[in-house]
Amino acid sequence: MLQPFSYTCPKDTEEALVLLNNAGARPIAGGTDLVIQLRAKRLPSNPLVVDLSHLDELHFLAETENQLKLGPLLTHQELADSPQIQQGAPLLAQACRRVGTPQIRERGTLGGNIVHASPAADTLPPLLVHDAFFTLQSAYGTRSLAANSFFRAPYQTEISSAELLVQVSLQKLFGFGFGYQRLIRRQAVGIARLIVAGALLLEAGRIREARIACGAAAPTVFRAHQAESWLAGKKCGAEIFRKAGELVSAEMIERSGVRWSTPYKQPVLATLVKRALDQAAAIANG
Amino acid sequence: MLNPLEQTIISLQLRVNGLPVQEDVPAQMTLLEFLRQRLRLTGAKEGCGSGECGACTVLLDGRPVNACLVLAAEANDAEIRTIEGEARDGRLTPLQQAFIEHGAIQCGFCTSGMVLSAQALLERNPHPGREEIVEAIAGHLCRCTGYVQIVEAIESVAGKGS
């Protein structure tokens, strides 16, 4: 039995935003996280559940010359299956294909994955690699926030309870090669232990630009800026990628401190980074 | 402020196994509870209640979902298929028949969900490979068969027809 709550199904975003101004209002889209919370009776008493799942205006995929614009109601399955995503953001397509189970992928949405803000959320490292930004709307106005500064702590973000994530914009990365690594205890229904999403732009065998984002490694998803700048201008090679992995692990420890899992995660993250960069370099060269 | 004693009642309209259904349900009711308690369609089971075991799987607009994680209210206007709607006029579907022939059923708790996820796969892709089959049932736990017979049952249907 779920905890008691009130339910409303607004006809458009405008109405949803008015409803979200109520204290205790909680939006629901796919429900794969919220219904679990309702069953565990973990929400403050008698919330108002605002059902967004029928709002077609939040369910879109558009493309401009330099950007992919994604509606928050796109499901993981839709993103994994979309030729536009496979082509323009292959890291995101790969990440979505691995979320939970087929049933979860059919219901769970991109917006929900972002706003729920699990440190291990699968879509987040690819979004950071693409310098994504989020459009947040409330009854009072609209603002944009970079994905990189959106996540405060595990399950905590900059979004206010009266705001709705209405668009996710990804920068297209032309000429980049991509690499994706995910460590997990089992393939289905697993929660990632470590995620690395990497992208490399090469010029005559040298790295013009490197992008590395890590998930499940620190309290929030992060871009490994120190390793990225260190890689710029260097020649691709196993030794360079190995060293970059070590730098990323050091950044993880800076962020999370030395924890019980550090002796394990430090070398493993370094290895995943090396593998992701190897993959990215092979694609960028090819 | 909402009155804590006030229960939102939603008037629900949907199709279940091809038939129109109209019911007033409390907001708290999940799609699984609606199917089992109101419509007495008890083929879908509640296992874990958190989207991990797949025993509650039904098809919502042709796609497999965990009915324990969907609010009944969210299924408004939807087309739901449960295991009870698969056999027609007492005749099992080729997939159901294959489950029997391959010994893909033991206790039966996972079977309705397994069959529906596999059926959805076959409707999307009539000739899936083994990997796609395994992927399609990855959201179902079976504690009896070890999965091999289930995969073989689905494969036997995947190889046939156009």
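What you are looking at is a predicted structure, and each value in this text was computed from that prediction instead of being measured. (Residues numbered from 1 in each chain as written. Chains lettered and ligands numbered in written order. Predicted model: local features only at pLDDT ≥ 70, side-chain atom pairs only at ≥ 80, totals over all residues. Heavy atoms only, no water.)

Caption draft 1: Spatial organisation of the sheet that holds strand S4 (residues 63–66) of chain B. Residue and element names in this part refer to chain B. Spatially, 5 strands are ordered S2-S1-S5-S3-S4 in an open sheet, and the strand pairing comes out mixed. With one partner strand each, in any of the chains shown, strand S2 (19–26) and S4 form the two edges of the open sheet. Strand after strand, the sheet turns through a mean of 40 degrees between neighbouring axes, direction not considered. Sheet topology places strand S3 (residues 57–60) next to S4; 4 bridges connect them, and they run antiparallel. Of the residues in S4, the one forming a bridge with leucine 59 is proline 64. Packing of helix H1 (residues 31–38) onto the sheet brings it into contact with strand S1 (9–16), S2, S3 and strand S5 (79–81), and relative to S2 it is tilted by some 110 degrees. (Pairing = 2+ DSSP bridges. Helix = DSSP H or I, 4+ residues; strand = E, 2+ residues; numbered from the N terminus. Axes fitted to C-alpha atoms, helices over the stretch in contact; angles between N-to-C directions. Contact = heavy atoms within 4.5 Å.)

Caption draft 2: Structural detail: the nonpolar core. Core analysis: the biggest nonpolar cluster contains 42 residues, and A:Leu70, A:Leu92, A:Ile114, A:Leu127, A:Phe134, A:Val168 and A:Leu170 have the highest contact counts within it. For this core, the two domains that each supply at least three residues are domain 2 (56–171) and domain 3 (177–285) of chain A. Residues within four places of A:Leu92 in sequence aside, it is in contact with A:Leu70, A:Leu79, A:Ile85, A:Thr123, A:Pro126, A:Leu127 and A:Leu170. Core analysis: the next-biggest nonpolar cluster, separate from the first, contains 39 residues, A:Leu38, B:Met29, B:Ala44 and B:Leu60 among them. (Core = buried A, V, L, I, M, F, W, Y, C linked by side-chain atoms within 4.5 Å. Buried < 20%, exposed > 50% of the residue type's maximum accessible area, 1.4 Å probe, protein only. Domains from an automatic or database assignment.)

Caption draft 3: Seen up close, the domain arrangement of chain B. All names here are of chain B. Here chain B is partitioned into domain 1 (4–85) and domain 2 (94–159). Listed per partner, the contact involves 17 residues of domain 1 and 13 residues of domain 2. Of the roughly 1,100 Å² buried where domain 1 meets domain 2, counting both sides, 61% is carbon and sulfur surface. For the pair domain 1 and domain 2, the interface holds 1 salt bridge. Residue arginine 81 is joined to glutamate 123 by a salt bridge in which the shortest nitrogen-to-oxygen separation is 2.9 Å. If one sorts the elements of the side of domain 1 that touches domain 2 by residue count, S3 sits on top with 3 residues. A per-class count over the side of domain 1 that touches domain 2 returns 7 nonpolar, 6 polar and 4 charged. (Buried area = accessible area lost by both parts, 1.4 Å probe. Salt bridge = Lys/Arg side-chain N within 4 Å of Asp/Glu carboxyl O. Nonpolar A, V, L, I, M, F, W, Y, C, P; charged D, E, K, R; others polar.)

Caption draft 4: Up close: a nonpolar patch on the surface. Side chains of B:Leu92, B:Ile100 and B:Ile105 sit close together on the surface and give an oily, nonpolar patch of about 240 Å² of accessible area. As for its placement among the helices and strands, B:Leu92 is situated in the loop between S5 and helix H2 (94–101). (Patch = residues over 30% accessible without salt bridge, like charges linked within 9 Å, V, L, I, M, F, W, Y side chains within 5 Å. Areas by Shrake-Rupley, 256 points an atom, 1.4 Å probe, with all protein chains shown as cover.)

Caption draft 5: A look at the packing of aromatic side chains. Residues and elements named next belong to chain A. Scanning the model with the defined rule gives 3 aromatic pairs over all chains in all. When the ring of phenylalanine 134 is compared with that of phenylalanine 150, the centres are 4.9 Å apart and the planes differ by 85 degrees; the resulting orientation is edge-to-face. Linking phenylalanine 134 in strand S6 (residues 133–138) with phenylalanine 150 in the loop between strand S7 (141–146) and strand S8 (151–153), this pair joins segments that are 16 residues apart in sequence. Residues phenylalanine 134 and phenylalanine 150 agree in their burial class; the two are buried. A centroid spacing of 5.0 Å and a plane angle of 90 degrees characterise the contact between phenylalanine 150 and phenylalanine 151, whose relative ring orientation is edge-to-face. Looking at phenylalanine 151, the relative accessible area reads 11%, which means it is buried. Cation over ring: lysine 234 sits above tryptophan 230, and NZ or CZ is 4.3 Å from the ring centre. The ring of tryptophan 230 has lysine 243 lying over it, and the distance from NZ or CZ to the ring centre is 6.0 Å. (Phe/Tyr/Trp six-rings, centres within 6.5 Å; stacked < 30°, edge-to-face > 60°. Lys NZ or Arg CZ within 6 Å of the ring centre and 35° of its normal.)

Caption draft 6: Spotlight on the pattern of salt bridges. Residue and element names in this part refer to chain A. Scanning all chains against the criterion turns up 21 salt bridges over all chains. Here aspartate 122 ties to arginine 182 by a salt bridge, and the two come within 2.8 Å at their closest N and O atoms. You can see aspartate 122 sitting in the loop between helix H7 (110–116) and helix H8 (124–129) and its partner arginine 182 sitting in strand S11 (residues 177–183), a full 60 residues away along the chain. No difference in accessibility class separates aspartate 122 from arginine 182, as the two residues are buried. Across the pair glutamate 246 and arginine 242 runs a salt bridge, and its minimum N-O distance is 2.5 Å. One end of the pair is glutamate 246 and the other is arginine 242, both in helix H10 (residues 238–256) and 4 residues apart, which spans about a single turn. The partly exposed category is assigned to glutamate 246, whose relative accessible area is 37%. Looking at arginine 242, the relative accessible area reads 36%, which means it is partly exposed.

Caption draft 7: Structural view of the domain arrangement of chain A. Domains assigned within chain A are domain 1 (6–51), domain 2 (56–171) and domain 3 (177–285). Placing the centre of domain 1 of chain A and that of domain 3 of chain A at their C-alpha centroids yields a distance of 37 Å.

Caption draft 8: Looking closely at the interface of chain A and chain B. Facing the 32 residues of chain A at the interface are 35 residues of chain B. At the boundary of chain A with chain B, total buried surface from both sides reaches about 2,700 Å², with 55% on carbon and sulfur atoms. At the junction of chain A with chain B, the criterion picks out 3 salt bridges. A salt bridge links B:Glu135 to A:Arg105; its shortest N-O distance comes to 2.5 Å. The tally of links between chain A and chain B comes to 10 residue pairs in polar contact (both at pLDDT 80 or more). (Polar contact = N/O pair within 3.5 Å; in protein donor to acceptor, adjacent residues only side chain to side chain.)

Caption draft 9: Representation of the side chain of A:His130. Residue and element names in this part refer to chain A. By secondary structure assignment, the location of histidine 130 is in the loop between H8 and S6. In this structure the side chain of histidine 130 is engaged in a polar contact, spanning 2.8 Å, whose partner is the backbone oxygen of glutamine 171. Setting aside anything within four residues of it in sequence, one finds histidine 130 in contact with Gly88, Ala89, Leu170, Gln171, Leu173, Phe178 and Arg211.

Caption draft 10: Up close: the sheet that holds strand S2 (residues 25–28) of chain A. Residues and elements named next belong to chain A. Pairing in this open sheet of 3 strands is parallel, and the strands run S1-S3-S2 from one edge to the other. In this open sheet, the two edge strands, each paired with only one partner strand, are strand S1 (6–8) and S2. With strand direction ignored, the average angle separating the axes of adjacent strands in the sheet is 25 degrees. Relative to strand S3 (residues 48–51), S2 runs parallel, the two being bridged by 4 bridges. By the bridge assignment for S3, alanine 25 is matched with leucine 48. Here helix H1 (residues 13–20) sits on the sheet and contacts S1, S2 and S3; the angle it forms with S3, its principal contact strand, is near 165 degrees.

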